[in-house]
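The chain contents come next:
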Amino acid sequence: MYEKTRHGYPLDLYREVSMLSKFHPNGRFLEIGAGSGIASREIYNYFGKKMVLLEPSATFFEQLNRKFNDNKNIEIINSSFEAYQSREKFDIIFAASSFHWIQSKTKYKMLSNLLASDGLLVIYCNYYNIADKCLQKEIAKINQEHGNIHLFDVQSQEQQILEQIQELNRTSYFKILKSNRYVCNRIYDISNFQSFIRTSVKIVNHSDNYYNDIINVIKQRENQEVNIQITTSLLVARKTKQ
């Protein structure tokens, strides 16, 4: 369900990362919080490099093993980033819609220690918004009625992006090389939209009443479709010399 309703990431994103990177012949990539492997497959298909995928969830870990079972270039480890240790250095560390889960206060030092000289930290995330302004207002009203939930909240998303940039700028371990955004639209029928919001971490702990209120608004629309604007935020930072 999750992978069916979640959009992948733009090819141009990987092109930009490629232009900024300095690959070593036998270098490897690390992905933090690989999830169901949406970005993992994209990264491997584009770069063709050996990869280590970290995933703390047992469910997603099993999915990753099934997906990459025949790929000897991809190693999958059932671990959080905080618990992971490696003597080997990586050319690039990717975090696709997962960086916000890292809680460690020393995460940038840990990331720096895992990267080779001139290695890159690539942080990117998809943000989903309602393209139809009238529908966006209706859902915003439902969010407010059910306890100020931030589903499809543009202001909250912008704040998250800004805070990530500010946090990276404050650390001495990295220097931002690139900040970019990519925008596209995707039409969800009511079935896919139901699956989408059911798998949103912003509402999984809320009541069925909230979920039903949103679905009822969609059912009242003539075509029962939702035009979702997907904004992909990209941050690329290079490891600095300490």
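Refer to the structure presented above.
Computed from a predicted structure; not experimentally measured.

What counts and how
Along each chain, the written sequence defines residue order, and numbers are assigned to residues from 1. Under the rules for a predicted model, residues below a pLDDT of 70 receive no local features and side-chain atom pairs below 80 are neither given nor counted, while totals for whole chains, interfaces and linings still include all residues. Side-chain metrics rest on all non-hydrogen atoms present in the structure, leaving aside hydrogens and water. We count a salt bridge whenever a side-chain nitrogen from Lys or Arg sits within 4 Å of a carboxyl oxygen from Asp or Glu. What counts as a helix is a DSSP run of H or I of at least four residues, what counts as a strand is a run of E of at least two, and both are numbered from the N terminus. Relative accessible area decides the class of each residue, using a 1.4 Å probe on protein chains only: under 20% of the type maximum gives buried, over 50% gives exposed, and in between gives partly exposed. Two strands are counted as paired when DSSP detects at least two bridges linking them. The axes are straight lines fitted to the C-alpha atoms, using for helices just the contacting stretch, and the angles between their N-to-C directions are given from 0 to 180°. Only Phe, Tyr and Trp rings are paired, with Trp represented by its six-membered ring, and only when their centres lie within 6.5 Å; those with planes under 30 degrees apart are stacked, over 60 edge-to-face, the remainder tilted. Here a helix's expected span is defined as the number of its residues, less one, multiplied by 1.5 Å. Polar contacts, as used here, are pairs of N or O atoms within 3.5 Å; protein pairs need one atom able to donate a hydrogen and one able to accept it. Residues neighboring in sequence count only if both atoms are side-chain atoms. Residues belong to one nonpolar core when they are buried, are Ala, Val, Leu, Ile, Met, Phe, Trp, Tyr or Cys, and are joined through side-chain atoms within 4.5 Å. Residue contacts are defined here by distance: any two heavy atoms, one from each residue, within 4.5 Å place the two residues in contact. Crossover handedness is defined by viewing with both strands directed away from the observer: a clockwise path from the first strand over the helix to the second marks the crossover as right-handed.

(A) Focus on the pattern of salt bridges. Enumeration according to the criterion identifies eight salt bridges in this entry. Across the salt bridge formed by Glu 16 and Lys 178, the nearest N and O atoms sit 3.2 Å from each other. Taken as a pair, Glu 16 in helix α2 (residues 11–20) and Lys 178 in strand β6 (residues 174–189) lie far apart in primary sequence, 162 residues in all. Linking Glu 75 and Arg 28 is a salt bridge whose minimum nitrogen-to-oxygen distance equals 3.7 Å. Highlighted residues: Glu 75 in strand β3 (residues 74–77) and Arg 28 in strand β1 (residues 28–32), separated in sequence by 47 residues. Accessibility expressed as a relative area gives 39% for Glu 75, which makes it partly exposed.

(B) The sheet that holds β6, seen in detail. Spatial ordering of the open sheet is given by β3-β2-β1-β4-β5-β7-β6, a layout of seven strands whose pairing is mixed. Each edge of the open sheet carries a strand with a single partner, namely β3 and β6. Each adjacent strand pair in this sheet contributes to an overall mean axis angle of 15°, direction not counted. Alignment of strand β5 (residues 115–130) against strand β7 (residues 225–239), held across eleven bridges, turns out to be antiparallel. From the neighbouring strand, Asn 126 faces β7, where its bridge partner is Thr 232.

(C) Fine view of the packing of aromatic side chains. This model, assessed by the stated rule, comprises 16 aromatic pairs. With 6.2 Å between their ring centres and 65° between their planes, Tyr 108 and Phe 174 make a pair best called edge-to-face. Of this pair, Tyr 108 sits in helix α5 (residues 107–114) while Phe 174 sits in strand β6; the two residues are 66 residues apart in sequence, bridging distant segments of the chain. Across this residue pair, the class does not change: Tyr 108 and Phe 174 are buried.

(D) Structural detail: helix α7 (residues 154–170). The terminal C-alpha atoms of α7 lie 25 Å apart, and with 17 residues this matches the ideal 24 Å at 1.5 Å per residue to within 8%. Its side-chain oxygen placed 3.1 Å from the backbone nitrogen of Gln 155, Asp 153 serves as the N-cap of α7.

(E) Structural context of the nonpolar core. Residues Val 17, Ile 43, Phe 94, Val 122 and Tyr 124 are the most contacted members of the largest nonpolar core, which totals 26 residues. Secondary structure elements with two or more residues in this core: α2, α3 (38–47), β2 (50–54), β3, β4 (90–96), β5 and β7. At five residues, α3 tops the list of elements feeding residues into this core. Ignoring sequence-local partners within four residues, the contact set of Ile 43 consists of Tyr 14, Phe 29, Glu 31, Gly 48, Met 51, Phe 94 and Tyr 124. Tyr 188, Ile 190, Ile 197 and Tyr 211 belong to the second largest nonpolar core, which has 22 residues in total.

(F) Looking closely at the pairing of β4. Judged by how many residues are buried, β4 sits mostly within the fold: seven of seven residues are covered. Of the strand pairs in this sheet, β1 and β4 are connected by three bridges, and their pairing is parallel. Along β4, the bridge assignment pairs Glu 31 with Phe 94. The pairing of β4 with β5 spans six bridges and is classified as parallel. When the sheet's bridge partners are listed, Ala 95 is paired in β5 with Ile 123. Handedness of the β4-α5-β5 crossover: right-handed.

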